[in-house]
Amino acid sequence: MPYHFVPKLNAKTNGSLYVIEERVKMTGGSYVGFLAHDNILESTIRVYTGSKYTGSLVKDVVVSIPAETPWRRQVKIFSNADEVYVTYETPGDVVEADDINGLQESLAATQKEIEDYRTNGVVDGGSFIGE
């Protein structure tokens, strides 16, 4: 399974915050998942049916804080819209072991594929041909 790379936000040392908007696709009227960034100020989380605070405000939102990763936020959103927009503020991200492990697994899988093609096939103009 490919690793989903989310660009990390450097922590701001001057006390200012990033304002983030995430588009979330709803499935069967709900969404459950982690927000992309860390250290989110819970009081700033807002969900709307349109981008940039447009559309209807979605009030059926539950925010959870995982015990093992208290810098992360999981949301449960309930809405009949096809997609919603989650806006929040954060001072920046934490780099977790899971982030590094995902990168290492992705790199190792790429190296394995290259070695397999080096051994069993040739690269021809960007396509792989087995011999």
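Residues numbered from 1 in each chain as written. Predicted model: local features only at pLDDT ≥ 70, side-chain atom pairs only at ≥ 80, totals over all residues. Heavy atoms only, no water.

Peer 1: Give me the pairing of strand β7 (residues 83–90): which residues, what numbers.
Peer 2: Along β7, six of the eight residues are buried, which leaves the element largely enclosed by surrounding structure. Direction of pairing for strand β1 (residues 18–25) relative to β7: antiparallel, over a ladder of eight bridges. In the sheet register, glutamate 22 faces β7, and the bridge partner there is valine 86. (Buried < 20%, exposed > 50% of the residue type's maximum accessible area, 1.4 Å probe, protein only. Helix = DSSP H or I, 4+ residues; strand = E, 2+ residues; numbered from the N terminus. Pairing = 2+ DSSP bridges.)

Peer 1: Tell me about the sheet that holds strand β4 (residues 54–57), and please be specific about residues and values.
Peer 2: Spatial ordering of the open sheet is given by β1-β7-β3-β4, a layout of four strands whose pairing is antiparallel. The outermost strands of the open sheet, each flanked by one partner alone, are β1 and β4. Between one strand and the next, the sheet's axes are offset by a mean angle of 35°, whatever the strand orientation. Here strand β3 (residues 46–50) pairs with β7 via three bridges, running antiparallel. Pairing of tyrosine 48 across the sheet is with tyrosine 85, part of β7. (Axes fitted to C-alpha atoms, helices over the stretch in contact; angles between N-to-C directions.)

Peer 1: So what's going on with a nonpolar patch on the surface? Which residues, and what values?
Peer 2: On the surface, Phe5, Val95, Ile100 and Leu103 cluster together to form a nonpolar patch covering roughly 370 Å² of accessible area. When you line up the elements, valine 95 lands in the loop between β7 and α1 (97–120). (Patch = residues over 30% accessible without salt bridge, like charges linked within 9 Å, V, L, I, M, F, W, Y side chains within 5 Å. Areas by Shrake-Rupley, 256 points an atom, 1.4 Å probe, with all protein chains shown as cover. Salt bridge = Lys/Arg side-chain N within 4 Å of Asp/Glu carboxyl O.)

Peer 1: Just give me the short version of the packing of aromatic side chains, but keep the residues and values in it.
Peer 2: The tally for this structure, following the rule as stated, stands at one aromatic pair. Relative to tyrosine 53, the ring of tyrosine 48 lies with its centre 5.6 Å away and its plane at 85°, an arrangement referred to as edge-to-face. In this structure tyrosine 53 comes out as partly exposed when scored by relative accessible area, which is 45%. The positively charged end of lysine 12 is found above the aromatic ring belonging to tyrosine 18, 4.3 Å away from the centroid. A cation sits over an aromatic face here: arginine 72 above phenylalanine 34, 4.2 Å from the ring centre. (Phe/Tyr/Trp six-rings, centres within 6.5 Å; stacked < 30°, edge-to-face > 60°. Lys NZ or Arg CZ within 6 Å of the ring centre and 35° of its normal.)

Peer 1: Hey, could you go over the nonpolar core for me, with residue numbers and the actual values?
Peer 2: Grouped burial of nonpolar side chains is what soluble globular proteins tend to show. Core analysis: the largest hydrophobic core is formed by 14 residues, its most contacted members being Leu35, Ile45, Val47, Ile77, Val84, Val86 and Tyr88. Taken together, the elements giving at least two residues each to this core come down to β1, β6 (74–78) and β7. Not counting residues up to four positions away in its chain, the partners in contact with valine 86 are Ile20, Glu21, Glu22, Val24, Leu35, Ile45, Arg46, Val47 and Ile77. (Core = buried A, V, L, I, M, F, W, Y, C linked by side-chain atoms within 4.5 Å. Contact = heavy atoms within 4.5 Å.)

Peer 1: Give a detailed account of the sheet that holds strand β5 (residues 61–64), specifying residues and quantitative values.
Peer 2: Taken in spatial order, the three strands of this open sheet run β2-β6-β5, and their pairing is antiparallel. Two strands close off the open sheet at either side, each with one partner strand: β2 (30–34) and β5. Neighbour-to-neighbour, the strand axes of this sheet turn through a mean angle of 10°, independent of strand direction. The pairing of β5 with β6 spans four bridges and is classified as antiparallel. Across the sheet, the residue bridging to valine 61 is isoleucine 77, located in β6.

Peer 1: Describe the pattern of salt bridges, naming the residues involved and giving the relevant values.
Peer 2: Oppositely charged side chains can form a pair if their charged atoms are brought close together. Enumeration according to the criterion identifies three salt bridges in this entry. The salt bridge involving arginine 23 is made with glutamate 83; its shortest N-O contact spans 3.7 Å. Of this pair, arginine 23 sits in strand β1 while glutamate 83 is found in strand β7, placing the two residues 60 residues apart along the sequence. In this structure, the salt-bridge partner of glutamate 42 is arginine 73, at a minimum N-O distance of 3.7 Å. Of the two residues, glutamate 42 is situated in the loop between β2 and β3 and arginine 73 in the loop between β5 and β6; the sequence distance between them amounts to 31 residues. For arginine 73, a relative accessible area of 10% translates into the label buried. Connected via shared salt-bridge partners are Arg23, Lys25 and Glu83.

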